[in-house]
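# Residue-level structural notes
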Amino acid sequence: QAAARLVAEHGLADWALAKRKAVRQLLLPEMTPLPSNEEIEGALAEYHALFGGDAHLNVLRRQRIEALAWMRRLAPWDPVLVGGVAAGWATEHSDIRLELVADDPKAVEIDLAANGVTYAALPPREGDATAHLRIESAAAGIRLAILTPLQRRNRPRKSEESRLTTEALAALTAPLPGFADSA
C-alpha cells in the first residue's frame, strides 16, 4: 500500500523504485520481500476507491476517451487497450497502453511518420521481441506494443487481465442517456 501511494500521489512510473522507497519509508530491513506488481495493482485500486472519488473517475474517463481516439486512429492494427487505464487503477501519471498487431512493426512507424505523429522507439526489454513505441499526446503518454499475429495468439494472459477492444471501450465511454457528457 505504501508503494501504491507513492505511485498514485507522486507519479512514480518505476514500480520497482516505488517498492524500494516504500521499504525505506516503513523502516523495514533492506532484504524485505517486495510485493508483486499484481499486489501493487490491487493496492492502487483500493487507494482510488478510498481517496480517488470523482477526481479519479474524471481522470480515468479522459484517459479512456484519449485511448479510444488513438484506437480508432490505429484501427488497421487491431488495437487493444491494456494496463491500468483498461483495468481502472491508472493514475493521472499513467501511460495509455495499446497493444497492436502488425506483421512488420515498421509499417506502424511509417504510418505514424507519414501522418506527422512524433514518436520514439523504446529499447527492447530483455527476452522480449515485441517492438515498443511511445507517443506524447497533449492528454497523455501513449505506449504502443507491436506484436506479430503469432505473438498475440500465443501471448500468455492472466485470467483477470483487462483487455478492451475498440468496441468495448466505446461502450464504456459512451455518455449515459439523459446525462450531459462532461468530458
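This text goes with the structure placed above it.
Everything in this summary refers to the structure shown in the same document.

Cut-offs used in this document
Residues numbered from 1 in each chain as written. Predicted model: local features only at pLDDT ≥ 70, side-chain atom pairs only at ≥ 80, totals over all residues. Heavy atoms only, no water. Pairing = 2+ DSSP bridges. Helix = DSSP H or I, 4+ residues; strand = E, 2+ residues; numbered from the N terminus. Contact = heavy atoms within 4.5 Å. Axes fitted to C-alpha atoms, helices over the stretch in contact; angles between N-to-C directions. 1 Å grid on protein atoms, 1.4 Å probe; cavity = no way out; pocket = protein on both sides within 12 Å on 5 of 7 lines; lining within 4 Å. Points joined across faces, edges and corners; volume = space filled by probe spheres on them. Nonpolar A, V, L, I, M, F, W, Y, C, P; charged D, E, K, R; others polar. Core = buried A, V, L, I, M, F, W, Y, C linked by side-chain atoms within 4.5 Å. Buried < 20%, exposed > 50% of the residue type's maximum accessible area, 1.4 Å probe, protein only. Parallel < 35°, antiparallel > 145°, perpendicular 65-115°, else oblique. Left-handed = near helix turned anticlockwise from the far one by under 90°. Arc of directions from axis to C-beta. Polar contact = N/O pair within 3.5 Å; in protein donor to acceptor, adjacent residues only side chain to side chain.

### A word on the sheet that holds strand 2 (residues 96-101)
Either a parallel or an antiparallel arrangement is found when strands of a sheet pair, and the pairing is made through backbone hydrogen bonds. Taken together, the 6 strands give an open sheet; going across it, the order is 3-4-5-2-1-6, and neighbouring strands pair in mixed fashion. Where the open sheet ends on each side, the last strands, each with one partner, are strand 3 (119-121) and strand 6 (163-164). Pairing of strand 1 (residues 80-82) with strand 6 involves 2 bridges; the strand directions are antiparallel. Along strand 6, the bridge assignment pairs Leu81 with Leu164. Contacts between helix 3 (residues 37-73) and the sheet are confined to strand 1, strand 2, strand 4 (131-136), strand 5 (141-147) and strand 6, with strand 2 contributing the most and set at about 20 degrees to the helix.

### A short note on the layout of surface pockets
Reported here for the largest pocket is a volume of approximately 1300 Å³. What lines the largest pocket is a set of 36 residues, and nearest its centre among them are Glu41, Val82, Gly83, Arg97 and Arg125. Of all the secondary structure elements, the ones that give two or more residues to the lining of the largest pocket are helix 3, helix 4 (84-87), strand 2 and strand 5. Of the residues contributing to the lining of the largest pocket, the split by class is 12 nonpolar, 12 polar and 12 charged.

### Quick word on the pairing of strand 4
In this sheet, strand 4 lies alongside strand 3 in antiparallel orientation, the contact comprising 3 bridges. Within strand 4, the position partnered with Tyr119 by the bridge is Ile135. Of the strand pairs in this sheet, strand 4 and strand 5 are connected by 6 bridges, and their pairing is antiparallel. Bridge assignment links His132 to a residue of strand 5, and that residue is Ala145. Adjacent in sequence and paired antiparallel, strand 4 and strand 5 are bridged by 4 residues.

### Regarding the nonpolar core
Of all hydrophobic cores here, the largest spans 26 residues; its most connected members are Leu81, Leu98, Leu112 and Leu144. At the level of elements, helix 3, helix 4, strand 2, helix 5 (105-114), strand 4 and strand 5 are the ones that each hand at least two residues to this core. A total of 5 residues in this core trace back to one element, the largest contributor, which is helix 3. Contacts of Leu81, omitting those with residues within four sequence positions, involve Ala67, Met71, Ala86, Ile96, Arg97, Leu98, Ser162, Arg163, Leu164 and Leu169. Counting 15 residues, the second largest nonpolar core, distinct from the first, contains Ala2, Leu12, Trp15 and Ala43.

### A word on the packing of helix 1 (residues 2-10) against helix 3
Contact geometry of helix 1 with helix 3 gives a least axis separation of 8 Å together with a crossing angle of 60 degrees. Taken together, helix 1 and helix 3 sit at an angle that is classed as oblique. Classified by chirality, the crossing of helix 3 by helix 1 is right-handed. For the pair helix 1 and helix 3, contact is made by Ala3, Ala4, Arg5, Val7, Ala8 and Glu9 and by Ile40, Ala43, Leu44, Tyr47 and His48, respectively. For the contact of helix 1 with helix 3, the class distribution of residues is 8 nonpolar, 1 polar and 2 charged.

### Considering helix 2 (residues 15-25)
If you check which residues of helix 2 are buried, you get Trp15, Ala18, Lys19, Ala22 and Val23. Relative to the axis of helix 2, the buried residues are bounded by an arc of 140 degrees and lie together on one face. On its buried face, helix 2 is in contact with helix 1 and helix 3. The N-cap of helix 2, judged by a side-chain oxygen 3.1 Å from the amide nitrogen of Ala16 a few residues on, is Asp14. Of the residues flanking the end of helix 2, it is Leu27, one or two places downstream, whose phi is positive at about 55 degrees.

Spatial relationships are all this shows, so hold off on functional conclusions.
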